[in-house]
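# A closer look at the structure
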Amino acid sequence: MNRTAIDVRGVARRFGEVHAVNGVDLAVHEGELFGLIGHNGAGKSTLFKMMLGLLAPDRGRLEVLGEPVDGARFRETRRSIAYLPENVVFYDNLSGLETLRFFAELKGADPRECKPLLAKLGLEAAARRPVRGYSKGMRQRLGFAQALLGRPRLLFLDEPTVGLDPEAIREFYQILAELKAQGVTMLLSSHNLAEIQERVDRLALMRLGRIQALGTVQSLREELRLPLRIEVSLRPESGERLRRALAPFADCDVRLDGARGVIVCERGRKMALLAALTALPDTVTDIRVREPSLEDVFLGYTEN
Amino acid sequence: MMDTRRLQFGQILAIARKEFRDRLRSRWVLAVTLVLTVFALVIAYFGAAQQGAVGFKGIELTIASLTSLVIYLVPLIALILGYDAVVGERERGSLDLLLSLPLTRLELLLGKYLGLAAALAFATVAGFGLVGVVLSYGIGLTGLLDYAGFILSTLLMGLAFLSLAMLLSVLTSSKVVASGAAIALWFLYVLIYDLMLVGILVVTEGQYVGGLFPILLLLNPADIFRILNIFSLEEVKSLYGLATVFPATLASPWLLGGAMLFWILAPLALAYARFRKLS
């Protein structure tokens, strides 16, 4: 469990004047589901490409599954690695099954895996249709099927759920959970922070080519000491009563908006605040505690 | 940056098969075969119409007429076939995926070239071969051999321009640029190059380039193709002024074939040299 699947040390890569990746150290453990978060241009895709040996770093070194990515033996290692690039477009004139068989052949995977994989991803009925007629979601699922060929030990997934509907996203993470149970290591990049925050073991926040923060979602929340946010629903005309009741909480920010109130406060005040609010049944009809989302964590880091 | 010392032919074949199948499916092979068949038939039977005669007038004149058509058509077909081979994969995002597999850049490039070359060869041989079967009643063995030589030289020229197309495909960063470059290359080699040479020859009255002229002709695969076909046919050689500026000693089919081979291998080698450094 604690062996290192991806080992990145002091890696940097420049494109002209742009430092796409500017000194990154990162270790992803075997069996881990690891998230890589960042805006466009933060350096995620460049880092991915260097980890896959597609792009040489200007400095630093990268090892994947114990092999240097620029070494002669990395070709063999590639058989254990799978990659799903962002927005990949397959060959219009080939069917889904032919596409998968093509990749199976190149990977040295058993071609008999193809049909069950298509079925697993709900593409059974479309298996013999040309890919040109596939929807965006179907193409993405075909790409995922491609990544699962040959039972990889390590998966690189670049924005894998773009274009999928919520049902397909749920199924996608179900498959990731199965893979995780089998000990497969996965590196996942995403913009959709809400989607991955409950699902990754650890994550790294990238900004301007550097890793800004690294850890579990919980540890990142604590590290930032993000404020607590409580939303309440109010009875008509009861805004002033709420303000009076919260007078002792001078350190909290209370905002009223018709039948809705938002209280932003330091985390340590949580229990006292909840006690005060539940003592007001003639004023407050509902209370929602909003834990800071990954989005908040993200904004907290990028704004600081 | 990868180990390219050991080529795996299985990988090359996998890529080649996919390319060939892709072109079959898109009906590219069928369309080119039909175009070549129809053109060859029309030229065989109406090629002499300008001289006031209609009907098959012998294989040598047919080959001469076909040569002047094929010299425009086949380079264009080959360039269109190959210009997006690499840049197309790059644009659709599948290039990174392919290179993340146990596949070297050289294997990818060779597989692409072989698959496309097979599509081109199939269309050329089928298209002109069909007409050859139709003509075979009237022309005897020597004529058939001449015609086979014409098909082979057509194929070699096609492969040379396909190789140039692969080079463009590696050098350019988008399909639009690549297609523009392909058309520019076609204009240069098929239309402008000879005009330029003749222009220089006339302006300098043959003083400076006279001796260089045959070598300058070898620097254009379309010209090599023309010389290969014109010089092999006694009857038509005299019809073209070319014989007066191109020494017969250089007109050996082996030398010309070697020059063509250079035009097939050199652009491909350059393409690989560039491709292995690209990211």
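## Observations concerning the overall build of chain B
Helices and strands together make up the secondary structure of chain B, namely twelve helices and zero strands. Looking at chain B as a whole, 43% of its 279 residues qualify as buried. Look at the contacts in chain B between residues 6 or more apart in sequence, and 81% of them connect residues 24 or more apart.

## Brief notes about the overall build of chain A
Looking only at helices and strands, chain A has eleven helices and 14 strands in total. Taken over the C-alpha atoms alone, chain A extends approximately 70 × 50 × 40 Å along its principal axes. For chain A, with 304 residues in total, the buried portion stands at 39%. Relative to all contacts within chain A whose residues are 6 or more apart in sequence, the contacts with residues 24 or more apart total 69%.

## Digging into the sheet that holds strand 3 (residues 33-37) of chain A
All names here are of chain A. Taking strand neighbours across the sheet as the criterion, the six strands line up as 6-7-8-3-9-10 in an open arrangement whose pairing is mixed. Lying at the two open borders of the sheet, with one neighbouring strand each, are strand 6 (81-84) and strand 10 (210-215). Adjacent strand axes in the sheet meet at a mean angle of 15 degrees when their direction is disregarded. Pairing of strand 6 with strand 7 (residues 154-158) involves four bridges; the strand directions are parallel. Counted as the bridge partner of Tyr83 is Phe156 from strand 7. Strands strand 3, strand 7, strand 8 (185-190) and strand 9 (202-207) of the sheet are contacted by helix 1 (residues 44-51), whose axis makes an angle of about 155 degrees with strand 7. Here helix 5 (residues 136-148) sits on the sheet and contacts strand 6 and strand 7; the angle it forms with strand 6, its principal contact strand, is near 170 degrees.

## Brief notes about the interface of chain B and chain A
On the side of chain A, 27 residues touch chain B, which itself brings 20 residues to the contact. Of all the secondary structure elements, the ones that give two or more residues to the side of chain B that touches chain A are helix 1 (9-25) and helix 5 (94-100) of chain B. For the side of chain B that touches chain A, the class distribution of residues is eight nonpolar, six polar and six charged.

## A short note on the sheet that holds strand 1 (residues 4-15) of chain A
Residue and element names in this part refer to chain A. Taken together, the four strands give an open sheet; going across it, the order is 2-1-4-5, and neighbouring strands pair in antiparallel fashion. Where the open sheet ends on each side, the last strands, each with one partner, are strand 2 (18-29) and strand 5 (67-68). Strand direction decides the pairing type here: strand 1 and strand 2, joined by nine bridges, are antiparallel. Counterpart to Asp7 in the pairing with strand 2 is Ala27.

## Notes on the pairing of strand 8 of chain A
Residues and elements named next belong to chain A. Counting buried residues in strand 8 gives six out of six residues, a clear majority hidden from the surface. By the alternation rule, side chains of strand 8 split into Thr185, Leu187 and Ser189 and Met186, Leu188 and Ser190, which are all buried. In the sheet, strand 3 pairs with strand 8 via five bridges, with the strands oriented parallel. Across the sheet, residue Leu36 finds its bridge partner in strand 8, namely Ser189. Pairing geometry for strand 7 and strand 8, over five bridges, is parallel. Its bridge partner lying in strand 8, Leu155 is registered against Met186.

## A closer look at the packing of helix 3 (residues 96-107) of chain A against helix 1 of chain B
Taken N-terminus to C-terminus, the directions of helix 3 of chain A and helix 1 of chain B make an angle of 165 degrees; their axes are 9 Å apart at the nearest point. The orientation of helix 3 of chain A with respect to helix 1 of chain B, classified from their angle, is roughly antiparallel. Remark: the crossing between helix 3 of chain A and helix 1 of chain B carries left-handed chirality. Counting all contacts with helix 3 of chain A, which are made through Phe102(A), Glu105(A) and Leu106(A), the residues of helix 1 of chain B involved are Gln11(B), Ala14(B) and Lys18(B). For the contact of helix 3 of chain A with helix 1 of chain B, a count of residues per class yields three nonpolar, one polar and two charged.

## A few points about the confidence of the model for chain B
Overall, the prediction assigns chain B a mean pLDDT of 88, with 89% of residues at 70 or greater. ipTM for the predicted complex: 0.88, alongside a pTM of 0.86.

## Structural notes on helix 1 of chain A
Residues and elements named next belong to chain A. Within helix 1, eight of the eight residues are buried, leaving the element largely enclosed by the surrounding structure. Taken as a whole, helix 1 has its buried residues at Lys44, Ser45, Thr46, Leu47, Phe48, Lys49, Met50 and Met51. One or two steps after helix 1, the chain reaches Gly53, where phi turns positive at roughly 70 degrees.

## Structural notes on the domain arrangement of chain A
When cut into domains, chain A gives domain 1 (4-215) and domain 2 (226-303). Placing the centre of domain 1 of chain A and that of domain 2 of chain A at their C-alpha centroids yields a distance of 40 Å.

## As for the nonpolar core
In terms of nonpolar packing, the biggest core is built from 154 residues, with Met51(A), Leu162(B), Ala165(B) and Met166(B) touching the most fellow members. Looking at this core element by element, the count peaks at 27 residues for helix 6 (residues 105-171) of chain B. Non-local contacts of Met51(A), meaning those with residues more than four positions away in its chain, are made with Ile6(A), Val8(A), Leu62(A), Val64(A), Val69(A) and Phe156(A). In this structure, Ile230(A), Leu234(A), Leu242(A) and Val284(A) belong to the second largest nonpolar core, which totals seven residues.

## Overview of the pairing of strand 10 of chain A
Put simply, side chains in a regular strand alternate between the two faces of the sheet. All names here are of chain A. Relative to strand 10, strand 9 runs antiparallel, the two sharing five bridges. Its bridge partner lying in strand 10, Met206 is registered against Ile211. Here strand 9 hands over to strand 10 after two residues, with Leu208 in that stretch at a positive phi of 50 degrees.

## Description of unusual backbone geometry
The backbone of Glu237(A) sits at a positive phi, close to 60 degrees, despite the residue not being glycine. C-beta crowding within 10 Å serves as the criterion here: with 9 such atoms nearby, Glu237(A) is assigned to the exposed category. Although it is not a glycine, Arg27(B) sits at a positive phi angle of roughly 65 degrees. When you line up the elements, Arg27(B) lands in the loop between helix 1 and helix 2 (28-46).

## Some words on the environment of Leu280(A)
With respect to the helices and strands, Leu280(A) occurs in the loop between helix 10 (270-278) and strand 14 (284-290). Counting along the chain gives 39 residues from Leu280(A) to Arg241(A), while the straight-line C-alpha distance between them is 9.1 Å.

## Here we look at the environment of Lys180(A)
All names here are of chain A. Here Lys180 lies in helix 6 (residues 166-181). Here Lys180 falls in the partly exposed class, since 17 other C-beta atoms lie within 10 Å of it. Sequence separation between Lys180 and Leu33 is 147 residues, and the spatial gap between their C-alpha atoms is 7.2 Å.

## Details of the packing of helix 6 of chain B against helix 9 (residues 221-231) of chain B
Residues and elements named next belong to chain B. Contact geometry of helix 6 with helix 9 gives a least axis separation of 9 Å together with a crossing angle of 175 degrees. When the axis of helix 6 is compared with that of helix 9, the two are roughly antiparallel. Facing Phe150, Ser153, Met157, Ala160 and Phe161 of helix 6, the residues of helix 9 in contact are Pro221, Ala222, Phe225, Leu228 and Asn229. The residue inventory of the contact of helix 6 with helix 9, partitioned by class, reads eight nonpolar, two polar and no charged.

What counts, and where the lines are drawn
Residues numbered from 1 in each chain as written. Chains lettered and ligands numbered in written order. Predicted model: local features only at pLDDT ≥ 70, side-chain atom pairs only at ≥ 80, totals over all residues. Helix = DSSP H or I, 4+ residues; strand = E, 2+ residues; numbered from the N terminus. Buried ≥ 20, exposed ≤ 12 C-beta atoms within 10 Å, placed from the backbone. Contact = placed C-beta atoms within 7 Å. Pairing = 2+ DSSP bridges. Axes fitted to C-alpha atoms, helices over the stretch in contact; angles between N-to-C directions. Nonpolar A, V, L, I, M, F, W, Y, C, P; charged D, E, K, R; others polar. Parallel < 35°, antiparallel > 145°, perpendicular 65-115°, else oblique. Left-handed = near helix turned anticlockwise from the far one by under 90°. pLDDT = per-residue confidence, 0-100. Domains from an automatic or database assignment. Core = buried A, V, L, I, M, F, W, Y, C linked by C-beta atoms within 7 Å.

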